[in-house]
Amino acid sequence: MMCTMNSYQLTAYRQPLQSMEVPVRQPGPHEVLVRVHASGLCHSDLPVMDGIRPAVLPVTLGHECSGRIVKLGAGVTGLAEGGRVSVFYVLACERCETCKGGLPNACPNRRSIGLHQDGGFAEYITIPAANAIPLPDSVSFEVGAIAGCAVSTAFHAVQLAHIREGETIAVIGLGGVGLYVSELAKLRGASMVIGIDTNPQKRRIARRAGVDLFIDASREPAREAVLCATERAGVDVAFECVGRPETYLMALDSLKPGGRACLVGLCADPVEIRPFPLLLKEIRILFAVNHTREEQRQVLELASQGACSLSNSITHRFPLARIQEGFDLLRTEIGEVGKIVVLNGCESE
């Protein structure tokens with residue numbers, strides 16, 4: 001077993017990640033050591049790198065990852081060395097009323113792997129055994145990685161919105177989460193999915209994810225285009241997957257009476273909402289944060305059954321040594337950019 005490993009750490013805000021040689025932390029009681037095979041790059045990493053979401057530096061980012069268990073800590077049961085796993089990043093306290101009430105994803109005491117505890121942009125990661133979810137043999141490490149956040153976060157949002165058969169859906173922002181919201185909404189029976197993005201080169205990948213109508217918001221007013229597509233009625237559900245005040249308002253403006261806005265994007269800025277028009281339409285506003293361990297298991301089961309083609313959304317793969325190139329691409333989104341993963345030089349089956 002290696003005593004040290006290569007890790008890509010955030011050592012200063014607004015600076016590139018640094019390649020560091022760090023000790024491999026051996027697993028303690030009820031922990032496992034995982035050899036990381038694949039990690040996903042997430043838009044939520046960018047505000048951490050920019051200092052908008054503070055972290056205790058230095059820290060190894062990477063909350064979407066998968067790999068093989070190489071060592072078990074004392075007291076670990078139900079897992080074995082060599083087992084393939086997808087990492088669940090939420091570290092809930094499991095003791096508060098929120099956790100006991102079935103909302104560990106919203107635990108006020110929660111911490112996160114890849115933010116408060118070193119994450120997957122490294123050769124190895126040490127995590128609680130409870131956060132290692134068995135990865136079906138038929139599911140690739142790449143899909144196992146992105147299931148750890150982007151897909152399961154989308155799954156949680158779609159579940160929360162209670163999409164019904166035949167409903168019309170708008171998805172604002174077709175990054176990783178938005179693409180999976182589109183695909184999962186179609187799986188739930190949505191009759192039409194309208195995808196909205198400012199990058200016209202995402203049109204093809206959006207189609208593959210189940211988007212029926214792509215709106216290029218850089219060329220036409222998105223609200224008017226949604227109304228035209230729905231015969232002036234608006235959509236039943238609008239998912240906001242960007243995290244900006246203007247797109248929060250776009251989601252609300254695109255709804256029909258009785259519609260639901262599910263706000264998924266992380267927005268740190270104030271949003272000025274005029275309540276009266278929303279009240280007259282009896283609009284419902286939902287906020288979706290993280291996901292649960294069981295939802296991640298369900299996503300992996302759907303993937304193993306072939307119910308959703310998650311790997312189609314992965315447009316770029318980089319070796320771990322080129323991770324900063326991946327983040328530069330994620331930030332600029334030049335070209336057809338869907339989900340980006342980094343591979344750690346081991347098999348990606």
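Up top is the structure.
Calculation criteria
- The residue numbering used here restarts from 1 in each chain and proceeds along that chain's sequence as written.
- Two thresholds apply to this predicted model, a pLDDT of at least 70 for residue-level local features and 80 or more for giving and counting side-chain atom pairs, whereas whole-chain, interface and lining totals are computed over all residues.
- Excluding hydrogens and water, the side-chain values take into account all heavy atoms of the structure.
- Geometry is summarised by axes, namely lines fitted to C-alpha atoms with helices restricted to the contacting stretch, and by angles between N-to-C directions that run from 0 to 180 degrees.
- Put simply, DSSP marks the helices as runs of H or I at least four residues long and the strands as runs of E at least two long, and each gets a number from the N terminus on.
- By definition in this entry, angles of less than 35 degrees are roughly parallel, angles greater than 145 are roughly antiparallel, angles of 65 to 115 are roughly perpendicular, and the rest are oblique.
- The criterion used for residue contact is that any of the two residues' heavy atoms lie within 4.5 Å.
- In this classification, the charged set is Asp, Glu, Lys and Arg, the nonpolar set is Ala, Val, Leu, Ile, Met, Phe, Trp, Tyr, Cys and Pro, and all remaining amino acids, among them Gly, are polar.
- Paired strands, as defined in this entry, are two strands with at least two bridges between them according to DSSP.
- The pairing test for Phe, Tyr and Trp rings, Trp by its six-membered ring, is centres within 6.5 Å, and the orientation test on the planes gives stacked under 30 degrees, edge-to-face over 60, and tilted for anything in between.
- Only protein chains enter the accessibility calculation, which uses a 1.4 Å probe; a residue whose area is less than 20% of its type maximum is buried, one above 50% is exposed, and one in between is partly exposed.
- In this scheme the handedness of a crossing depends on how the near helix is turned from the far one: anticlockwise by less than a right angle means left-handed, clockwise means right-handed.

Visitor: Go over the packing of helix H3 (residues 141-161) against helix H9 (residues 293-305), please, and point to the residues and values.
Guide: Their axes nearest at 8 Å, the elements H3 and H9 cross at an angle of 110°. By the angle class used here, H3 and H9 are roughly perpendicular. On H9, the residues that touch Val143, Gly144, Ala147, Gly148, Val151, Ser152, Phe155, His156 and Gln159 of H3 are Glu295, Gln296, Gln298, Val299, Leu300, Leu302 and Ala303. Taken together, the residues that form the contact of H3 with H9 break down as eight nonpolar, seven polar and one charged.

Visitor: An account of the sheet that holds strand S4 (residues 59-60) is requested, with residue identities and associated values reported.
Guide: Backbone-to-backbone hydrogen bonds pair the strands of a sheet. The strands run either parallel or antiparallel. Spatial strand order, S2-S1-S4: three strands in an open sheet with antiparallel pairing. In this open sheet, the two strands that pair with only one neighbour each are strand S2 (18-23) and S4. Pairing of strand S1 (residues 4-10) with S2, which is carried by six bridges, proceeds in the antiparallel orientation. In the strand pairing of S2, Asn6 is matched with Glu21.

Visitor: Describe the packing of aromatic side chains, listing the residues and the values that go with them.
Guide: In this structure the tally under the stated criterion is two aromatic pairs. Between Phe121 and Phe327, the ring centres sit 5.7 Å apart and the planes meet at 80°, which makes this aromatic pair edge-to-face. Taken together, the residues Phe121 in the loop between strand S8 (111-112) and strand S9 (124-128) and Phe327 in helix H10 (residues 323-332) connect sequence positions 206 residues apart. Taking relative accessible area as the criterion, Phe121 reaches 0% and is therefore assigned buried. Of the residues examined, Phe327 reaches a relative accessible area of 1% and is grouped as buried.

Visitor: Now, about the packing of H3 against helix H4 (residues 176-187): what can you tell me, with residues and values included?
Guide: Between H3 and H4, the shortest axis-to-axis distance is 8 Å and the interhelical angle comes to 50°. By the angle between their directions, the pair H3 and H4 is classed as oblique. Every pair of crossing elements has a handedness; the one defined by H3 and H4 is right-handed. Contact residues: Ile146, Ala150, Val151, Thr153, Ala154, Phe155 and Val158 in H3; Gly176, Val177, Tyr180, Val181, Leu184 and Ala185 in H4. Residue composition of the contact of H3 with H4, grouped by class: eleven nonpolar, two polar and no charged.

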